[in-house]
Amino acid sequence: MVDYSGQVVGMIGFIEKNNAQSFFLIPANKIKMIVNRAIAKELEKNPILGIYYIPISKTYVIENNLSISSGALIHSDSGQQGLAVLANSPAQKAGLKLGDIITAVGGKEVTAHNSLSELLYEHKKGEQVELTVLRDGQSMAVKVDL
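What comes next is a walk through the structure.

Reading guide: rules and limits
- Residues numbered from 1 in each chain as written.
- Predicted model: local features only at pLDDT ≥ 70, side-chain atom pairs only at ≥ 80, totals over all residues.
- Heavy atoms only, no water.
- Helix = DSSP H or I, 4+ residues; strand = E, 2+ residues; numbered from the N terminus.
- Buried < 20%, exposed > 50% of the residue type's maximum accessible area, 1.4 Å probe, protein only.
- Contact = heavy atoms within 4.5 Å.
- Areas by Shrake-Rupley, 256 points an atom, 1.4 Å probe, with all protein chains shown as cover.
- Lys, Arg positive; Asp, Glu negative; His and termini not counted.
- Charge placed at Lys NZ, Arg CZ, Asp CG, Glu CD.
- Phe/Tyr/Trp six-rings, centres within 6.5 Å; stacked < 30°, edge-to-face > 60°.
- Lys NZ or Arg CZ within 6 Å of the ring centre and 35° of its normal.
- Patch = residues over 30% accessible without salt bridge, like charges linked within 9 Å, V, L, I, M, F, W, Y side chains within 5 Å.
- Salt bridge = Lys/Arg side-chain N within 4 Å of Asp/Glu carboxyl O.
- 1 Å grid on protein atoms, 1.4 Å probe; cavity = no way out; pocket = protein on both sides within 12 Å on 5 of 7 lines; lining within 4 Å.
- Points joined across faces, edges and corners; volume = space filled by probe spheres on them.
- Nonpolar A, V, L, I, M, F, W, Y, C, P; charged D, E, K, R; others polar.
- Expected span 1.5 Å × (residues − 1).
- Core = buried A, V, L, I, M, F, W, Y, C linked by side-chain atoms within 4.5 Å.

### Quick look at the overall build of the protein chain
Here's step 1: Along the protein chain, the regular secondary structure elements total five helices and eight strands.
Here's step 2: Listing the helices and strands of the protein chain from first to last along the sequence gives β-β-α-β-α-β-α-α-β-β-α-β-β.
Here's step 3: Oriented by its inertia axes, the alpha-carbon framework of the protein chain measures out at about 50 × 35 × 30 Å.
Here's step 4: Per-residue burial for the protein chain yields a buried fraction of 29% across its 146 residues.
Here's step 5: Of the contacts formed within the protein chain by residues at least 6 apart in sequence, a portion of 45% connects residues at least 24 apart.
Here's step 6: Carbon and sulfur atoms make up 54% of the accessible area of the protein chain, which amounts to about 9700 Å² in all.
Here's step 7: The positive charge centre, built from 14 side chains, and the negative charge centre, built from 14, are 6 Å apart in the protein chain.

So this is what it looks like as structure tokens:
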């Protein structure tokens, strides 16, 4: 996608699932970051946390009567810890649990515009990062070696 002045601003794509099309946009700055990592042969240095999560949206907050407005909920449809936090992953080693809500990564708030995956991608495998986690209504800092 280009703007009126001819500057590339992003890439548009779509996926089809259950006979429904869903469109998405990847901003140019994110594409540039990934391409630069590929050129530098650093894709294997991408961080891995090892969780399944649901981005917390306004709708989710209302439906579940949450006291926060954004974050990433560590989740499993089955309600099993082992399906939400992968075995031997950095998340498991740091003590993250099913139902935890990650609200910040390295002091940057997890929001709809700053997703958990985007904030983690700013770091490299092997780095230590501090997550702000909400567990049972209490905020806590958790250090994770990615």
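### Digging into the packing of aromatic side chains
Here's step 1: In this structure the tally under the stated criterion is one aromatic pair.
Here's step 2: Sitting above the plane of the Tyr-121 ring, Arg-37 keeps its charged end 4.2 Å from the centroid.

### A look at a nonpolar patch on the surface
Here's step 1: On the surface, Met-1, Val-9, Ile-12, Phe-14, Phe-23 and Leu-25 cluster together into a nonpolar patch covering about 600 Å² of accessible area.
Here's step 2: Of note, Leu-25 is situated in strand 2 (residues 20–27).

### Looking at the layout of surface pockets
Here's step 1: Approximately 170 Å³ is the volume found for the largest pocket.
Here's step 2: Breaking the lining of the largest pocket down by element, the ones donating at least two residues are strand 2, helix 1 (28–39) and helix 5 (116–121).
Here's step 3: Classifying every residue of the lining of the largest pocket by side-chain character gives five nonpolar, one polar and two charged.

### Some words on helix 1
Here's step 1: For helix 1, built from twelve residues, the straight-helix expectation of 16 Å at 1.5 Å per residue is met to within 8% by its first-to-last C-alpha distance of 16 Å.
Here's step 2: Looking at the residues trailing helix 1, positive phi occurs at Lys-41, about 55 degrees.

### A few points about unusual backbone geometry
Here's step 1: Phi at Asn-19 is positive, roughly 60 degrees, even though this residue is not glycine.
Here's step 2: Notably, Asp-136 is not glycine yet its phi reads approximately 50 degrees, a positive angle.
Here's step 3: With respect to the helices and strands, Asp-136 occurs in the loop between strand 7 (128–135) and strand 8 (138–145).

### Remarks on the nonpolar core
Here's step 1: Grouped together as the largest cluster of nonpolar side chains are 20 residues, with contacts concentrated most on Leu-49, Ile-51, Leu-96, Ile-102, Val-105, Leu-116 and Leu-131.
Here's step 2: Sorting the residues of this core by element identifies strand 4 (72–74), strand 5 (101–105), helix 5, strand 7 and strand 8 as the ones contributing at least two each.
Here's step 3: If we skip the residues at most four places from it in the chain, Leu-49 touches Ser-89, Pro-90, Ala-91, Leu-96, Ile-102, Leu-116, Leu-120, Leu-131, Val-144 and Leu-146.
Here's step 4: Counting residues in each nonpolar core, the second largest holds six residues, with Val-61, Ile-68, Leu-73 and Ile-101 among its members.

### Overview of the pattern of salt bridges
Here's step 1: Applying the stated criterion across every chain, the model contains four salt bridges.
Here's step 2: For Glu-130, the salt bridge identified is with Lys-143, shortest N-O distance 3.3 Å. With Glu-130 in strand 7 and Lys-143 in strand 8, this residue pair connects regions lying 13 residues apart in the sequence.
Here's step 3: Residue Lys-143 is classed as exposed on the basis of its relative accessible area, which comes to 51%.

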